[in-house]
Amino acid sequence: MMWNPEMECMPRPELERLQSERLVKIVKYTYDNVKFYHDRMDFAGVKPSDIKGIEDISKLPFMSKQDLRDYYPTGTFAAPLSEIVRFHASSGTTGKPIVAGYTQHDLECWSEGVARCLTAYGITKEDIVQVAYGYGLFTGGLGAHDGATRIGCSVLPASSGNTAKQLMLMRDLGVTALCCTPSYALFLAESLHKSEDFKLSDMHLKAGAFGAEPWSENMRAELEEKLGIKAYDIYGLTEVSGPGVGGECECQDGTHIWEDMFFPEIIDPQTLKPLPHGDQGELVFTTLTKEGMPVIRYRTRDLTSLNYAPCKCGRTAVRMNKIMGRTDDMLIIRGVNVFPTQIESVIMEFAECNGQYLITVDRVDNTDTFRLDIELRSECYGDMVGQFQSLIKAITGRISSVIGIKCDVHVVEPNAIERSAGKAKHVVDLRKI
Ligand code: DLL
């Protein structure tokens, strides 16, 4: 099913013409209205008239999170505040947040992106959609909400937390689709299976829209089995709009990026040169239709690759492979690059593990220590007490073969690792830089 087949299946030459037209317009618009872009382009020696089509995009300078911080809170807005109808802000762990401003038209484009994703997951106006992403400054809650409302679904704005109530309403209202982070979905699933009050057979879920953090194929299999659903990826970021910059289709083989609105590039994060199609590197976005806070060549820090091969579903929009991690959450342990998603993939291979884990890195005597705490499923933990050694050995061996370094594995009882209803926290890095 498609929300907007004309856009989603537009022949690529036509799509490229549309992107070119929109790029020329947005470059002129930002140059004329935002001092930041004006100065940056002047400094780079590029004039709006140098940009004649999408093939000229690499002439434009990049933009980073630091630029948005430097111009906090509204210095990169292109529309007057009287046209801004909504703010969101991304939670930075340090420093100032990034504030995003949306015009009415921006909200329409955003909900269009989410509606395309949810429709691809098979969600229609007949569905009851529980939004368990946080509502508020985070874009997850209101973003999913507006997209589902646009389709005409019955929306339950549950927000995050209060798991027992979430399960009760899910059952009693006959919720058919769940939107939340994959880690919270897993927590809901575990709580459902542990609880004496709820049974999977009482639930009517068929699809899940999971995003806001990286998750593995093994995690997908787990969620599909435990919730009896199809689990789909949804991607986005505050700076570009929020959830729904792209989403998977029924083929579950890559996230279609809605390229008529969000133009993606992959660059080498060191040389900043665009990489050939298919290579892995840093994802960069240019918003082609945004008015409030457009971004031009915004460096996301997300590491992935793009697949331009036609998709069986008929959509022509490029497919992004799963986000491997971020350049800023990649851990370098004893000189080796380690991504939390690699660890998650290994853990999910072991049926005894419930998918929750915590990586702790420290430095002792100038050597990095690498500890991994892994929770076991409740039904396994009791039976295994005192006999964890062979499991620990097997996991340690798999991690060494996948990542190339040894790690100090500990298994812990169910619920020992703190849960988050928002984005999962999988890493504690105690090293002093
Ligand atoms: O996380 C927007 C969102 C909400 C997306 C709900 C999907 C669902 P931010 O808080 O600004 O926005 O964080 C953006 O989260 O650059 C990625 O690193 C990560 N991220 C988002 N979606 C995915 C995903 C929202 N599907 C940052 N897979 C992005 C992997 C994701 N990482």
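Residues numbered from 1 in each chain as written. Predicted model: local features only at pLDDT ≥ 70, side-chain atom pairs only at ≥ 80, totals over all residues. Heavy atoms only, no water.

1. Overview of helix H7 (residues 163–173)
Part 1 of the reasoning: For H7, the complete set of buried residues consists of Thr163, Gln166, Leu167 and Met170. In an axial view of H7, the angular spread of the buried residues amounts to 95 degrees, which keeps them on one side of the axis.
Part 2 of the reasoning: The inward-facing, buried residues of H7 abut strand S3 (128–131), strand S5 (177–180) and helix H8 (182–194). (Buried < 20%, exposed > 50% of the residue type's maximum accessible area, 1.4 Å probe, protein only. Helix = DSSP H or I, 4+ residues; strand = E, 2+ residues; numbered from the N terminus. Arc of directions from axis to C-beta. Contact = heavy atoms within 4.5 Å.)

2. Some details on empty space enclosed by the protein
Part 1 of the reasoning: A full pass over the atoms with the stated rule returns five cavities of 30 Å³ or more.
Part 2 of the reasoning: Taken as a whole, the largest cavity holds about 40 Å³ of empty space.
Part 3 of the reasoning: Together, Phe36, Tyr37, Arg40, Met41, Pro61, Phe62, Met63 and Ile296 line the largest cavity.
Part 4 of the reasoning: Here the lining of the largest cavity is composed, by residue class, of seven nonpolar, no polar and one charged. (1 Å grid on protein atoms, 1.4 Å probe; cavity = no way out; pocket = protein on both sides within 12 Å on 5 of 7 lines; lining within 4 Å. Points joined across faces, edges and corners; volume = space filled by probe spheres on them. Nonpolar A, V, L, I, M, F, W, Y, C, P; charged D, E, K, R; others polar.)

3. Looking at the domain arrangement of the protein
One frequent convention defines the size of an interface as the accessible area lost when the parts assemble.
Part 1 of the reasoning: Domain boundaries assigned for the protein yield domain 1 (1–327) and domain 2 (331–432).
Part 2 of the reasoning: The straight-line distance from the C-alpha centre of domain 1 to that of domain 2 is 29 Å.
Part 3 of the reasoning: With both chains or domains summed, domain 1 and domain 2 bury close to 1,700 Å², and 52% of this area falls on carbon and sulfur atoms.
Part 4 of the reasoning: Our count for the domain 1 to domain 2 interface comes out at two salt bridges.
Part 5 of the reasoning: Among the salt bridges present, the one from Arg419 reaches Glu190, with a minimum N-O distance of 3.2 Å.
Part 6 of the reasoning: Our count for the domain 1 to domain 2 interface comes out at eight residue pairs in polar contact (both at pLDDT 80 or more).
Part 7 of the reasoning: Of all elements in the fold, only H8, helix H9 (217–227) and strand S15 (325–326) reach the threshold of two or more residues within the side of domain 1 that touches domain 2.
Part 8 of the reasoning: For the side of domain 1 that touches domain 2, the leading source of residues is H8, giving six residues. (Domains from an automatic or database assignment. Buried area = accessible area lost by both parts, 1.4 Å probe. Salt bridge = Lys/Arg side-chain N within 4 Å of Asp/Glu carboxyl O. Polar contact = N/O pair within 3.5 Å; in protein donor to acceptor, adjacent residues only side chain to side chain.)

4. Some points on the environment of Val175
Part 1 of the reasoning: Within the secondary structure layout, Val175 lies in the loop between H7 and S5.
Part 2 of the reasoning: Residues Val175 and Ala207 lie 32 residues apart in sequence; the distance between their C-alpha atoms is 9.9 Å.
Part 3 of the reasoning: Residues contacting Val175, with those up to four places away along its chain left out, are Ile128, Gln130, Leu156, Leu169, Met170, His204 and Leu205.

5. Notes on H8
Part 1 of the reasoning: Between the first and last C-alpha of H8 there are 18 Å, a value that for 13 residues agrees with the 18 Å anticipated at 1.5 Å per step.
Part 2 of the reasoning: Summarising burial for H8: eleven of the 13 residues are buried, a large majority. (Expected span 1.5 Å × (residues − 1).)

6. Regarding the packing of aromatic side chains
Part 1 of the reasoning: Across all of its chains, the model carries ten aromatic pairs by this definition.
Part 2 of the reasoning: When the centroid spacing of 6.4 Å and the interplanar angle of 65 degrees are considered together, the rings of Tyr133 and Phe138 count as edge-to-face.
Part 3 of the reasoning: Given the relative accessible area of 29%, Phe138 is considered partly exposed.
Part 4 of the reasoning: Aromatic ring contacts, followed pair by pair, group Phe36, Tyr37 and Tyr71 into a single cluster.
Part 5 of the reasoning: Positioned above the aromatic ring of Tyr102, the side-chain terminus of Lys290 is 5.4 Å from the ring centre. (Phe/Tyr/Trp six-rings, centres within 6.5 Å; stacked < 30°, edge-to-face > 60°. Lys NZ or Arg CZ within 6 Å of the ring centre and 35° of its normal.)

7. Focus on the side chain of Asp368
Part 1 of the reasoning: On the secondary structure map, Asp368 appears in strand S19 (residues 367–376).
Part 2 of the reasoning: Residue classification places Asp368 among the buried residues on the basis of a relative accessible area of 9%.
Part 3 of the reasoning: Here the side chain of Asp368 touches Arg334 through a polar contact of 2.8 Å, landing on its backbone nitrogen.
Part 4 of the reasoning: Among all residues touching Asp368, those that are not within four sequence positions of it are Ile332, Ile333, Arg334, Asp362, Arg363 and Arg431.

8. Considering the pattern of salt bridges
Part 1 of the reasoning: Per the counting criterion, the structure on display carries 33 salt bridges.
Part 2 of the reasoning: Salt bridges here are not isolated pairs; linked through shared partners, they connect Glu112, Arg116, Arg150 and Asp260.

9. Some details on the sheet that holds S3
Part 1 of the reasoning: Taken in spatial order, the nine strands line up as S4-S3-S5-S6-S7-S8-S9-S14-S13 in an open sheet, and their pairing is mixed. Across the chains shown, the open sheet's two edge strands, defined by having one partner strand only, are strand S4 (154–156) and strand S13 (306–307).
Part 2 of the reasoning: In this structure, S5 lies alongside strand S6 (residues 207–211), joined through four bridges in parallel fashion. Residue Leu178 lies in a different strand from S6, and its bridge partner there is Gly208.
Part 3 of the reasoning: The sheet contacts of helix H6 (residues 139–151) involve S3, S4, S5 and strand S8 (243–248), and relative to S3 the element is tilted by about 170 degrees.
Part 4 of the reasoning: The sheet strands contacting H9 are S5, S6, strand S7 (230–236) and S8, and the helix crosses S7 at an angle near 130 degrees. (Pairing = 2+ DSSP bridges. Axes fitted to C-alpha atoms, helices over the stretch in contact; angles between N-to-C directions.)

10. Here's the deal with the sheet that holds strand S11 (residues 281–287)
Part 1 of the reasoning: With respect to topology, four strands assemble into an open sheet ordered S10-S11-S12-S15, the strand pairing being antiparallel. Both outer strands of the open sheet, strand S10 (262–267) and S15, are each paired with one neighbouring strand and no more.
Part 2 of the reasoning: Two strands pair when backbone bridges link them, and S10 and S11 are joined in this way by six bridges, in the antiparallel orientation. Each bridged residue has a counterpart across the sheet, and for Ile267 the counterpart in S11 is Glu282.

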